[in-house]
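Structure at a glance
Each chain, letter by letter, is given below.
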Amino acid sequence: MKVITEIKKRKIPIVTIDKSLNKYDDKILFQDKLDKANEMLKKVGLPKQWTTK
């Protein structure tokens, strides 16, 4: 229990982000899935709860 409360009180996250993953910033991974998702958004659109505010 002591460990859990210490983790909850931390201001700095425990997880560190690997900087070597930045090489994928400008690359499109899974182009076929992206195309399929964009096509589906064109046909169906976004849910109403996300489009109206």
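Reference entry: report on the structure contained in this document. Predicted model only: the values in this text are computed from it and were never measured.

Calculation notes
- Residues numbered from 1 in each chain as written.
- Predicted model: local features only at pLDDT ≥ 70, side-chain atom pairs only at ≥ 80, totals over all residues.
- Heavy atoms only, no water.
- Helix = DSSP H or I, 4+ residues; strand = E, 2+ residues; numbered from the N terminus.
- Rg over C-alpha atoms; globule rule 2.2 N^0.38 Å.
- Buried < 20%, exposed > 50% of the residue type's maximum accessible area, 1.4 Å probe, protein only.
- Salt bridge = Lys/Arg side-chain N within 4 Å of Asp/Glu carboxyl O.
- Phe/Tyr/Trp six-rings, centres within 6.5 Å; stacked < 30°, edge-to-face > 60°.
- Lys NZ or Arg CZ within 6 Å of the ring centre and 35° of its normal.

1. Let's talk about the overall build of the protein chain
Across its full length, the protein chain holds three helices and zero strands. The secondary structure elements of the protein chain, listed N-terminal to C-terminal, are α-α-α. Here the C-alpha radius of gyration of the protein chain, 20 Å, is well above what a compact globule of 53 residues would show, namely 10 Å. Dimensions of the protein chain, computed from C-alpha atoms along their principal axes, come out at roughly 50 × 35 × 20 Å. The buried share among the 53 residues of the protein chain stands at 0%.

2. As for the pattern of salt bridges
Per the stated rule, a full pass over the model turns up one salt bridge. The shortest N-O distance in the salt bridge between Glu39 and Lys43 comes to 3.4 Å. With Glu39 and Lys43 both in helix α2 (residues 31-44) and four residues apart, the pair spans about one turn of that helix.

3. A few points about unusual backbone geometry
For Phe30, which is not a glycine, the phi torsion comes out positive at approximately 60°. Looking at where Phe30 falls in the secondary structure, it is placed in the loop between α1 (2-9) and α2. With relative accessibility at 60%, the residue Phe30 sits in the exposed group.

4. A look at the packing of aromatic side chains
Throughout the structure, instances matching the rule amount to zero aromatic pairs. A cation over a ring is seen here: Lys33 above Phe30, with NZ or CZ 5.7 Å from the ring centre.

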